[in-house]
Amino acid sequence: MTTDHAPPTILVLAGKRDGKLDPLAERAGVSHKAIIPIRGKPLIGHVLATLERAWDDAKILVSIHDPSVLADVEEVRRLQAAGRLEMRPAQDGIVESVETAAEGIEWPLLITTGDNALTTAEALRAIHASGIAQQADVVLGLAKREDIQAAHPDGQYGFYQFKDIAISNCNLFWLGNPRAFSAVEAFRSGGQFFKNRSRIIKAFGLMNLIRFVLKTETVDGAMMRLSQRFGVKVIAHRFTDGRLAIDVDNERTYRVTEELLEA
């Protein structure tokens, strides 16, 4: 697939959060969530197949604690044989894993996760084109509640409510250059960032937290304030395909993802 833009470097985060075994992976009897089988192949197999369709020649990096667990994944073998895929050692924190993987790369960097089996080639190309067209430093892929619920009523239960819309992220992030790391610094400690209010205050400032809690800020307004806070241009790319905000986090979303992949 060719596009008007040179392809980004693509990073697939497939490590263990905080270095710990994921409960869903444990129930499936595997060491990493990315290799949980679904619809005939590991989760990451679906992701890599989509990346392969999105661009003919994009470099793909996989950040994982133990690369040997991917040795039998068909897509991994095929992309490695083509010289397109390399492994990177995952760290315990999200930002640390991204920093390690990004050493010596060609920018921009498009980031997704090993459990993001419902992502599409069209979505990947769209967020890349958006970042370039708007000369952004950071692009966050988002979908609104109505579109997610239209894709599947059980697909997502948690949303961030803004003044204009309620949204959820799509596990698609685009970083235009190394300056973008100043904006992702807030997530260095990893984990469920938005469940820890003290960390939000430290990262974004008390007044921005108050605006968020009181729902007095629009999504674009929030992006503007983040841009001012970190000194880089942060924008939101809104997808209309609600499936993109559904990844495999628990038994419910595994079932939903399996149904949508079958459909």
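Each value, and the rule that gives it
Residues numbered from 1 in each chain as written. Predicted model: local features only at pLDDT ≥ 70, side-chain atom pairs only at ≥ 80, totals over all residues. Heavy atoms only, no water. pLDDT = per-residue confidence, 0-100. Contact = heavy atoms within 4.5 Å. Core = buried A, V, L, I, M, F, W, Y, C linked by side-chain atoms within 4.5 Å. Buried < 20%, exposed > 50% of the residue type's maximum accessible area, 1.4 Å probe, protein only. Helix = DSSP H or I, 4+ residues; strand = E, 2+ residues; numbered from the N terminus. Expected span 1.5 Å × (residues − 1). Arc of directions from axis to C-beta. Polar contact = N/O pair within 3.5 Å; in protein donor to acceptor, adjacent residues only side chain to side chain. Pairing = 2+ DSSP bridges. Salt bridge = Lys/Arg side-chain N within 4 Å of Asp/Glu carboxyl O. Axes fitted to C-alpha atoms, helices over the stretch in contact; angles between N-to-C directions. Parallel < 35°, antiparallel > 145°, perpendicular 65-115°, else oblique. Left-handed = near helix turned anticlockwise from the far one by under 90°. Nonpolar A, V, L, I, M, F, W, Y, C, P; charged D, E, K, R; others polar.

Visitor: How do you make sense of the confidence of the model for the protein chain when you look at a structure like this?
Guide: If pLDDT is low for a region, its predicted coordinates should not be looked at in detail. In this model, the protein chain carries a mean pLDDT of 89, and residues with pLDDT of at least 70 account for 87%. Confidence drops under pLDDT 50 across residues 189–195; counting only partners more than four residues distant or on other chains, this segment forms 18 contacts.

Visitor: Would you mind showing me how to read the nonpolar core here?
Guide: Note that soluble globular proteins tend to have their nonpolar side chains buried in a common cluster. Residues Val12, Ile44, Leu48, Leu51, Ile60, Val62 and Leu70 are the most contacted members of the largest nonpolar core, which totals 49 residues. At 6 residues, helix α2 (residues 43–54) tops the list of elements feeding residues into this core. Those residues in contact with Val12 that lie beyond four places of it in its chain are Ile44, Val47, Leu48, Leu51, Ile60, Leu61, Val62, Ser63, Thr112, Thr113 and Gly114. Leu61, Ala102, Ile105 and Leu226 belong to the second-largest nonpolar core, a separate cluster that totals 27 residues.

Visitor: Please clarify how unusual backbone geometry should be interpreted in this entry.
Guide: Leave glycine aside and you will find that most residues have negative phi; peptide bonds, for their part, are mostly trans. Cis geometry is found at the peptide bond from Trp107 to Pro108, where omega equals 5°. Inspection of the secondary structure assignment puts Pro108 in the loop between α4 (94–102) and β6 (109–113). One non-glycine residue with positive phi stands out, namely Asn171, at about 55°. You can see Asn171 is positioned in strand β9 (residues 166–175).

Visitor: Is there a simple way to explain helix α11 (residues 251–262) in this structure?
Guide: Count 3.6 residues to each turn of an α-helix, and residues three or four apart come out pointing the same way. Across its 12 residues, α11 extends 17 Å between first and last C-alpha, which sits within 8% of the 16 Å expected from 1.5 Å per residue. For α11, every residue scored as buried is listed here: Thr253, Tyr254, Val256, Thr257 and Leu260. Buried residues along α11 cover an arc of 165° about the axis, so they all sit on one side. Close packing links the buried residues of α11 with α1 (23–28), β2 (37–38) and α6 (145–151). By the N-cap criterion, in which a side-chain oxygen at the helix start approaches the backbone nitrogen of a residue two or three places on, α11 is capped by Asn250, the distance to Arg252 being 3.1 Å.

Visitor: What's the story with the pairing of β6 in this structure? I'm lost.
Guide: Residues in a regular strand point their side chains to alternate faces of the sheet. Counting buried positions along β6 gives 5 out of 5 residues, so the element sits mostly inside the fold. On β6, burial covers both faces: Leu109, Ile111 and Thr113 on one face and Leu110 and Thr112 on the other are all buried. The pairing of β6 with β9 spans 3 bridges and is classified as antiparallel. Residue pairing across strands places Ile111 opposite Phe173, the latter belonging to β9.

Visitor: Looking at this structure, I do not really get helix α10 (residues 219–230). What am I missing?
Guide: The terminal C-alpha atoms of α10, which comprises 12 residues, lie 17 Å apart, in line with the 16 Å expected from a rise of 1.5 Å per residue. Among the residues trailing α10, Gly231 stands out with phi positive, at a value near 75°.

Visitor: What am I meant to see in the pattern of salt bridges here?
Guide: A side chain with one charge can pair with a side chain of the opposite charge if their charged atoms come near. Considering all chains together, one arrives at 16 salt bridges under this definition. In this structure, the salt-bridge partner of Glu75 is Lys41, at a minimum N-O distance of 2.8 Å. Of the two residues, Glu75 sits in helix α3 (residues 74–81) while Lys41 sits in strand β3 (residues 41–42), which places them 34 residues apart along the sequence. For Glu75, a relative accessible area of 3% translates into the label buried. Assessed through its relative accessible area of 25%, Lys41 is described here as partly exposed.

Visitor: Teacher, can you tell me more about the packing of α2 against helix α5 (residues 121–133) here?
Guide: Look at α2 against α5: their axes get within 8 Å of each other, and the N-to-C directions meet at 60°. Relative to α5, the element α2 lies oblique. Every pair of crossing elements has a handedness; the one defined by α2 and α5 is right-handed. Where α2 abuts α5, its residues Thr50, Leu51, Arg53 and Ala54 lie against Ala121, Leu124 and Arg125. Looking at side-chain class alone, the contact of α2 with α5 contains 4 nonpolar, 1 polar and 2 charged residues.

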